[in-house]
Protein chains: 2
Amino acid sequence: MNREKDDRRVKYTKMVLKESFIKLLSHKDISHITIKEICEDADINRATFYAHYTDQYDLMRKIENELFQNVSVYLEGYTHNEANLDRVEMVEKIFEYLKQNAQLCRLFLGERGDIDFQKRIMTLIYEKNIDELMNAQGVSKETAEYIYAFTVTGCLGAIQKWLDDGMKKSPRFMSEMLVKLAGGLPKVFVK
Amino acid sequence: MNREKDDRRVKYTKMVLKESFIKLLSHKDISHITIKEICEDADINRATFYAHYTDQYDLMRKIENELFQNVSVYLEGYTHNEANLDRVEMVEKIFEYLKQNAQLCRLFLGERGDIDFQKRIMTLIYEKNIDELMNAQGVSKETAEYIYAFTVTGCLGAIQKWLDDGMKKSPRFMSEMLVKLAGGLPKVFVK
DNA sequence: AATTATATTAAACACTATGTTGACTATCTT
DNA sequence: AAGATAGTCAACATAGTGTTTAATATAATT
């Protein structure tokens, strides 16, 4: 009982198509990348492309979903563990992961990336904190949602600046700063 | 000595092309809008389109630049005036402007909008505040820049949520909240 | 190792959009 | 009213799209 995906030919095809697409994506905008172009670079027949994806955007979405899965799994490893990491260490791990996957992260989290994907990632990271914000005294549910939106996109902006600056500041620096900013916000607001 | 733009024919052509483009843009993504489609809707010959714009993205960029100019002029009216508005009233004016230009703002500031444009707008609005942040004691220039990036994109996220929610909360509510959040951040950080 | 199953290929197909051209017409400015 | 400029129209070559066919290559199965 084999999954279709297990076929080595399929794996190879998808792999080179993704590689070529990412290569092209780092040179120009997705709207100017043609399917023909991807296939020629990957040396894959165009008909084969259509056997797996509908268009460039479909391919992009599927690459993003994989990255999202990887990040999720990576984070699970630290949230579920008993090795008591405090919040700063937790977030530091995230920045280390971003640094290790710099090329992909630059493309998808960067200025030109997909906004939906970015929000999904940030929500994943921040969702642990929303509850305590909701329960804070003196803050209505609606207000809390706005603080939440502010914080999620704010973190994203800081990460994008970090990526654009060539990730010079250490993961530790970024972590301490963001934890201070994001964590401090609700209190500042209530106060 | 006439500028080309003064020609009524040119004005008309550009006007209907923009109208049709915006109409199409509110129905589907820019990547799926063809030049042929725009011209047919506007009842303008395709050759004429190419006389003014290179492609959809060029047209989009030019519409954005005009919107940016309008917002700038609008803001100047309040920052340069002597009618002493405090900061909350200032920001409230911005939200009133957004509300008046809901259709365009939704398209360009919303989730699917252009990120460059969004940052330009937010920087325009927030640049007055950066100096005092820079001069705050105990904050390095680099850290201040990250706080700035955090704040600008954070405000953007809150505005997008507001637009997505149908602009139900009053401009006053949004203004008071954002001033509290953005203004409070540097202090919280230092503290 | 031989057989079966399936993924990929190559070529052709009709279709649509692109970007440019040149001759003609309508409208502007002075 | 005259000259300049913008827009129209039709045609054109080019390029990408998405699908289909039979042939081929590779994987999985026994």
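Residues numbered from 1 in each chain as written. Chains lettered and ligands numbered in written order. Predicted model: local features only at pLDDT ≥ 70, side-chain atom pairs only at ≥ 80, totals over all residues. Heavy atoms only, no water.

Novice: With reference to specific residues and values, describe the interface of chain B and chain A.
Specialist: Taken together, the contact pairs 37 residues of chain B with 37 residues of chain A. A buried area of about 3500 Å², summed over both sides, lies between chain B and chain A, and 66% of it is on carbon and sulfur atoms. The interface formed by chain B and chain A contains four salt bridges. Counting the contacts that link chain B with chain A gives seven residue pairs in polar contact (both at pLDDT 80 or more). Elements with a minimum of two residues in the side of chain B that touches chain A: helix H7 (115-135), helix H8 (141-164) and helix H9 (171-190) of chain B. For the side of chain B that touches chain A, the leading source of residues is H8 of chain B, giving 16 residues. (Contact = heavy atoms within 4.5 Å. Buried area = accessible area lost by both parts, 1.4 Å probe. Salt bridge = Lys/Arg side-chain N within 4 Å of Asp/Glu carboxyl O. Polar contact = N/O pair within 3.5 Å; in protein donor to acceptor, adjacent residues only side chain to side chain. Helix = DSSP H or I, 4+ residues; strand = E, 2+ residues; numbered from the N terminus.)

Novice: Just give me the short version of the nonpolar core, but keep the residues and values in it.
Specialist: With 118 residues, the main nonpolar core has Phe21 and Leu178 of chain A together with Phe21 and Leu178 of chain B as its most contacted residues. Setting aside residues no more than four positions away along its own chain, Leu178 of chain A makes contact with Phe95, Cys155, Ala158, Ile159 and Gly183 of chain A together with Phe150 of chain B. (Core = buried A, V, L, I, M, F, W, Y, C linked by side-chain atoms within 4.5 Å. Buried < 20%, exposed > 50% of the residue type's maximum accessible area, 1.4 Å probe, protein only.)

Novice: Quick rundown of the relation of the copies chain B and chain A? Include the residues and the values.
Specialist: With an RMSD of 0.2 Å, chain B superimposes on chain A once it is rotated by 179° and translated 0.0 Å along the axis. Viewed as a symmetry operation, the transformation between the two copies matches a two-fold axis. No C-alpha of chain B lies nearer the rotation axis than that of Gly154 of chain B, which sits 1.9 Å from it. The fraction of interface residues of chain B whose copies in chain A are also interface residues reaches 97%, indicating that both copies meet through the same surface. (Least-squares fit on C-alpha atoms with pLDDT ≥ 70 in both.)

Novice: Lay out empty space enclosed by the protein in plain terms, naming residues and giving numbers.
Specialist: Tallying each qualifying case throughout the model produces three cavities of 30 Å³ or more. When its volume is computed, the largest cavity comes out at roughly 160 Å³. Along its surface, the largest cavity is lined by 14 residues, and Gln118, Thr153 and Leu156 of chain A together with Gln118 and Leu156 of chain B are the ones closest to its centre. Going through the elements one at a time, helix H7 (115-135) and helix H8 (141-164) of chain A together with H7 and H8 of chain B are the ones with two or more residues in the lining of the largest cavity. When grouped by side-chain class, the residues that make up the lining of the largest cavity number four nonpolar, eight polar and two charged. Its boundaries defined by the atoms lining it, the second largest cavity holds a volume of some 80 Å³. Lining the second largest cavity are twelve residues, with Val71, Ile94, Leu98, Leu109 and Ile121 of chain A positioned closest to its centre. (1 Å grid on protein atoms, 1.4 Å probe; cavity = no way out; pocket = protein on both sides within 12 Å on 5 of 7 lines; lining within 4 Å. Points joined across faces, edges and corners; volume = space filled by probe spheres on them. Nonpolar A, V, L, I, M, F, W, Y, C, P; charged D, E, K, R; others polar.)

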